[in-house]
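The chain contents come next:
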Amino acid sequence: MARMAREKWYDIARDLDWELSYVDYEAVFPEWMSGQGKVPREAWVKWDEPYKVTYPEYVATQREKETGAYSVKSVLQKSRVFDQLDEGWKSVAKEHFGAVALVEDLAVYAELRMARFGLSPAWRNMAIFGALDETRHAQISLYFPHGLIGKDPQYDWAHKAYQTNQWGIIAARATFDAMMMSPNVVDVAIQLPFTFETGFTNVQFVALAADALESGDINFANMISSIQTDEARHSQQGGPTLEILVEHDPRRAQWIIDKTFWVSARLFSILTGPGMDYYTPLPMRKQSYKEFMQEWVGGQFLDQLRDYGLKRPWYWDEFMAGLDTWHHSQHLGVWYWRPTVWWNPQGGVSPEERDWLHDKYPRWEEQFGPVWDVIIGNINDNRVDLTLPETLPWLCNLCHLPVGTAGSPRNQRYPVRGYPLRYNGRTYHFCSRPCRQIWWEDRDTLHDPTVIERLLAGEVQPPTLAGLLTWMGLTPDVMGDDAYGYRWARPYARAGRPQGRPERPLGVPGTQDEEVPRPGDGARPADGARPVPVNAMFENDAFTQLVVVLDTDTVDEAARKVAAHVVGRRVAPRDAGLVVRHEGVVLPGDATVTESGISALDSVTVGWAR
C-alpha cells in the first residue's frame, strides 16, 4: 500500500492536542513545572520548529550515524593510532569525557520534562526526539572511552566523574542541575537548547572535531561530529520558545539568557580554554581560544540576541575582557593543583609556546609569565615539591571555580580579588560581580556548598590534603601529573633562568622550618587558641586561598603563614617585610588576629612592605 505523503499528515499529527474535560489544565501543566508565567495559553499555538522530522526518518538517519561511528571505531581498534597520540591531546579527550558523558544522560531528563510539560504539542514532539538524541549521546560517550580503560585508567572517569566529589565536577553539577533539573520547562528550553547548546556546545563540538582530526584522533573526531549533528537539530527548541516569551515577557527572557550565558562561559573557560591554548600540540592549533570565542560565541550569539530584540548581557565588556585572562588563570590553577584532576595537564609554556601565547595574548607575559617563571625555576632546581599544593584555592559560591580566576595578576581593571557578600549572618565569596549578582537574585534556589565549605563543615575526614583527595575519589593511579614529565621546562635550564628571577626561592624570612597550621595537618593550636580560616590573597598571585591562622597569632605571624603557600612557589621572594590589609586598612603587625578584627571566612590581603 502506498504511503501518504508526509506533507499531507505531518502537521495534523504534530499539532495534535485536545481540550481537557476531566481535569483542570493547571493540574496537567502546573505553573511551577510548565513556567507559563505571563504568556497566554493560546500564544503557544504559534510554537514552530524550523527543522521537522518524522520518526521513520529519524531512525534511518540515526542508523547511518551509528554505523559510521562504530565502524570507524572498530577499524581503529586494531591499529596503533591511540598509542601515537600526543599526551596533551589525550588530556583534552579525558577531560571532555569525564565532564560531558553523564551530562548527556542528565539532558535526557531535561528533554523528557519538556516532552511532558511543554506547552505546545509540537514542542513536546520535538522533545521526544531530543530525549532519544541525548540517550544516544550518553551511550556513545561512555562506550568509546570504556574501550581505552585497559590502556589508561583515567578514561574510567567518563563514567565515574559524576559519582564523586571532585571539585570541578561539583562545579559542573551545580551548573547543569540549575540549567536542566531545577527550573520550569520554559526556562529549561531557553537555558539548555538556546543559550548553552546553540551558544556554546554546538560550536565547541565543531572546534573539538577539527582539533581532534589535526591531532590524529580520528576516533574522537568521528564521535564528536556524530553527536554535534544531533545537537544542531534538537537545540532548535530554544528559538521558538524564546520568540514567544520575548513577545510577552522580555524581561524574564533577558534575565534567563544573561545568567545562563555567564555561568556557561565561566565553565567553558576551564573545560575548553586550556585544551585549545595549552593541551593541543602547538603545530595543530588553528586559532586561539579567544579568537574562537570572539568569532563563534561572541559574534554569533550577539546577532541572535539582536534578532530576538534582546540586549547584550549587562556584563558583556567584562566577559570579553575575560577572554584574555580567565582560561589562563584556570589552566595555571589546574596545573598547580594537578593531583585533584583525573587527567594530566600539559604545562604548555615552553619557549615556543610562550611566543605563541604572547602573540595571541599580548599581556600574557606581563600577567602570567612571572608566575610560571617561579614554577619553572623550581622544576629545574629539582624542587617539584614546591609546585604542588598544600592548601586549596577559595571557591566561588556561584560557579564553584577558584576566586581570582575572573581576573589576573597585574590587571588594573579586573585584578585578582574576591567579591564577598554578607547575608543571614554568613559571608559568601564570589569570583566576580556577575556571579555575586546572579547568586543574590537566585539565592533561594541555590544550595550547593563549595568544597571549602564542606571541608570546614567537617565533611572531609581526615581534613588533610590526602583526605580531601580520597574524599574526591582520586586514587594514585588516576591523579593528574604533568603530561610530559616537565620536559617543557628543561630548555630554560639550558638557556639560563627566566629574566628577573632570583637564583633560588629563599622563602619569606621566618617561614623556614616553621610549622604552618593547615586544614587538618595534625598540628594542634596552643591552649586557648582557636583556628580562624580566612580567604587570603597574596600580592601578584593568581588565586585567593584557604589559610588557617590562629586567633592568638600576631598579624605578622598570620602574614608569614599566608606567604608560605605562595612565596617561592608562584611569587618570587623579595628582601622586604610583609603587610596585611583587612577591609582596605593596613593592620599593625604586633596586634593579634582577634585584636585586628579578622574573623573566620574574612578576606585578607598580604603584600610586600613598600
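Predicted model, so just to flag it, every value in this text is computed and none were measured.

Overview of helix H14 (residues 289–307)
Since the α-helix packs 3.6 residues into each turn, any two residues three or four apart lie on the same face.
Line of reasoning, step 1. Relative to the 27 Å expected for 19 residues at 1.5 Å per residue, H14 spans 26 Å between its end C-alpha atoms, a close match to the ideal helical length.
Line of reasoning, step 2. For H14, the set of buried residues is Tyr289, Lys290, Phe292, Met293, Val297, Gly298, Phe301, Leu302 and Leu305.

A word on the nonpolar core
What tends to happen in soluble globular proteins is that the nonpolar side chains get buried as a cluster.
Line of reasoning, step 1. Within the largest apolar cluster, 146 residues are counted, with the highest numbers of intra-cluster contacts made by Phe176 and Phe319.
Line of reasoning, step 2. The greatest single-element share of this core, amounting to 14 residues, is contributed by helix H9 (residues 185–214).
Line of reasoning, step 3. Counting residues in each nonpolar core, the second largest holds 22 residues, with Ala536, Val562, Val604 and Val606 among its members.

Focus on helix H11 (residues 238–248)
Line of reasoning, step 1. The element H11 is extensively covered by neighbouring structure, given that eight of its 11 residues are classed as buried.
Line of reasoning, step 2. Within H11, burial applies to Gly238, Gly239, Pro240, Thr241, Leu242, Ile244, Leu245 and Val246.

Thoughts on the sheet that holds strand S3 (residues 531–538)
Line of reasoning, step 1. The strand order across the open sheet built from five strands is S4-S3-S7-S5-S6, with neighbouring strands paired in mixed fashion. What marks the edges here is a single partner per strand, and that holds for strand S4 (544–550) and strand S6 (585–586).
Line of reasoning, step 2. Of the pairings in the sheet, the one linking strand S5 (residues 578–582) to S6 comprises two bridges and is antiparallel in character. What sits directly across from arginine 581, in S6, is valine 586.

A closer look at the packing of aromatic side chains
Line of reasoning, step 1. Evaluated as defined, the whole model comprises 41 aromatic pairs.
Line of reasoning, step 2. Note on tryptophan 316 and phenylalanine 319: the rings are 5.0 Å apart at their centroids and 50° apart in plane angle, and the pair reads as tilted. Placement of the pair is tryptophan 316 and phenylalanine 319 together in helix H15 (residues 316–322), with a separation of three residues, close to one helical turn.
Line of reasoning, step 3. On the basis of relative accessibility, which here comes to 4%, the residue tryptophan 316 falls in the buried class.
Line of reasoning, step 4. Taking the ring centre of phenylalanine 82 as reference, the NZ or CZ of lysine 90 above it sits at 4.3 Å.

A few points about the layout of surface pockets
Line of reasoning, step 1. If you add up the space inside the largest pocket, you get close to 930 Å³.
Line of reasoning, step 2. The residue makeup of the lining of the largest pocket, split by class, is 18 nonpolar, 11 polar and 10 charged.

Observations concerning the pairing of S5
Line of reasoning, step 1. Side chains of S5 alternate between two faces, with Leu578, Val580 and His582 buried and Val579 and Arg581 left unburied.
Line of reasoning, step 2. By the bridge criterion, four bridges tie S5 to strand S7 (residues 603–608) in an arrangement that is antiparallel. From the neighbouring strand, valine 580 faces S7, where its bridge partner is valine 606.
Line of reasoning, step 3. Where S5 folds back on S6, the antiparallel hairpin that results is connected by two residues, among which glutamate 583 adopts a positive phi of roughly 55°.

Observations concerning empty space enclosed by the protein
Line of reasoning, step 1. A complete count under the given rule lists seven cavities of 30 Å³ or more for this structure.
Line of reasoning, step 2. Of the pockets and cavities examined, the largest cavity occupies roughly 180 Å³.
Line of reasoning, step 3. For the largest cavity, the lining is made up of 17 residues, of which Glu95, Ala99, Gly168, Leu267 and Ile270 are closest to its centre.
Line of reasoning, step 4. Contributing elements (two or more residues each) for the lining of the largest cavity: helix H5 (87–117), helix H8 (167–180) and helix H12 (250–271).
Line of reasoning, step 5. For the lining of the largest cavity, the leading source of residues is H8, giving six residues.
Line of reasoning, step 6. Tallied by class, the residues present in the lining of the largest cavity amount to 14 nonpolar, two polar and one charged.

Reading the values: rules and limits
- Residues numbered from 1 in each chain as written.
- Predicted model: local features only at pLDDT ≥ 70, side-chain atom pairs only at ≥ 80, totals over all residues.
- Heavy atoms only, no water.
- Helix = DSSP H or I, 4+ residues; strand = E, 2+ residues; numbered from the N terminus.
- Expected span 1.5 Å × (residues − 1).
- Buried < 20%, exposed > 50% of the residue type's maximum accessible area, 1.4 Å probe, protein only.
- Core = buried A, V, L, I, M, F, W, Y, C linked by side-chain atoms within 4.5 Å.
- Pairing = 2+ DSSP bridges.
- Phe/Tyr/Trp six-rings, centres within 6.5 Å; stacked < 30°, edge-to-face > 60°.
- Lys NZ or Arg CZ within 6 Å of the ring centre and 35° of its normal.
- 1 Å grid on protein atoms, 1.4 Å probe; cavity = no way out; pocket = protein on both sides within 12 Å on 5 of 7 lines; lining within 4 Å.
- Points joined across faces, edges and corners; volume = space filled by probe spheres on them.
- Nonpolar A, V, L, I, M, F, W, Y, C, P; charged D, E, K, R; others polar.

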